[in-house]
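What follows is the residue order along each chain.
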Amino acid sequence: MPAFQPADPDFERRVRQSFGRQAFSAMIGASLARVAPGEVDIDLPYGPLLTQQHGYLHGGVSTAIVDVACGYAALSLMPAGVAVLTVEFKVNLLAPGRGDRFTARGRVVKPGQAIMVCAGEVVAHRDGQERSVALMQATMMVVRDRGIVD
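Here goes a summary of the coordinates provided.

Criteria and cut-off values
- Residues numbered from 1 in each chain as written.
- Predicted model: local features only at pLDDT ≥ 70, side-chain atom pairs only at ≥ 80, totals over all residues.
- Heavy atoms only, no water.
- Pairing = 2+ DSSP bridges.
- Helix = DSSP H or I, 4+ residues; strand = E, 2+ residues; numbered from the N terminus.
- Axes fitted to C-alpha atoms, helices over the stretch in contact; angles between N-to-C directions.
- Salt bridge = Lys/Arg side-chain N within 4 Å of Asp/Glu carboxyl O.
- Core = buried A, V, L, I, M, F, W, Y, C linked by side-chain atoms within 4.5 Å.
- Buried < 20%, exposed > 50% of the residue type's maximum accessible area, 1.4 Å probe, protein only.
- Contact = heavy atoms within 4.5 Å.

## Section: the sheet that holds strand S4 (residues 101-110)
No. 1: Spatial ordering of the open sheet is given by S1-S2-S4-S5-S6-S3, a layout of six strands whose pairing is antiparallel. Two strands lie at the open edges of the sheet, namely strand S1 (31-36) and strand S3 (83-93), each paired on one side alone. Each neighbouring strand pair of the sheet contributes to a mean axis angle of 20°, computed without reference to strand direction.
No. 2: With five bridges connecting them, S1 and strand S2 (residues 39-45) associate as antiparallel partners.

Encoded structure:
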C-alpha cells in the first residue's frame, strides 16, 4: 500500500477521540490498536456473547469491526471538521471465526475528495498463529457541511 500524508497533523488524536465515542465498539469490547495515515487496526477479544450458534465469532461482528477499521482509516486522511460514512461494502467470510482474539485491519486503497475506497481484513489469533477469516472492500463517503462531525 502507498504511504499517505494526512490532511490533519492531529489525525491520530481525532481518530482516537471519535472511536472513544462509539458505544457499539465499547459494548462488544473492541479497542483501537493502531492508527497511522490511511491505516487502522482494531482488536477484539473472543467472547461467547459475540458468537453464532456454533461458537464462532458471528459474521456480523466480523463485518462490523472491519467496517469500523476501514472508516477510521479513511478518516485518518481527512482534514479537521470532515467526517466519513460507509456507503457500500462487500465482505467475503473466508473461514470460521475461531480464535482467542481478532484484529480488523482497515487500509485506504484510493483516497478521494468525495469517496474513498478501502480494503479490510479480519484475522483470528489462535495458538500463536494468524488466520484470515474475512475480507472487505468498502466505499466511504466524505461528509462536509452536514452537521456530522468526526
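The discussion continues.
## Examining the pattern of salt bridges
No. 1: Under the definition given, this model contains eight salt bridges.
No. 2: When the shortest N-O distance is used, the salt bridge between Arg105 and Glu130 registers 2.9 Å. Here the residue Arg105 occupies a position in strand S4, and Glu130 occupies one in strand S6 (residues 129-143), the gap between them amounting to 25 residues.
No. 3: One salt-bridge network, in which partners are shared between bridges, spans Arg34, Glu39, Asp41 and Arg107.

## Some words on the nonpolar core
No. 1: Among the nonpolar cores identified, the biggest contains 41 residues, and Ile42, Leu44, Val108, Met116, Val122 and Met140 are the most heavily contacted of them.
No. 2: Secondary-structure elements contributing two or more residues to this core are helix H1 (11-20), S1, S2, helix H3 (59-75), S4, strand S5 (115-126) and S6.
No. 3: Per element, the largest residue contribution to this core is ten residues, and it comes from H3.
No. 4: Apart from the residues lying within four places of it in its own chain, the contact partners of Val122 are Ser62, Ile65, Val66, Phe102, Thr103, Ala104, Arg131, Ser132, Val133 and Ala134.

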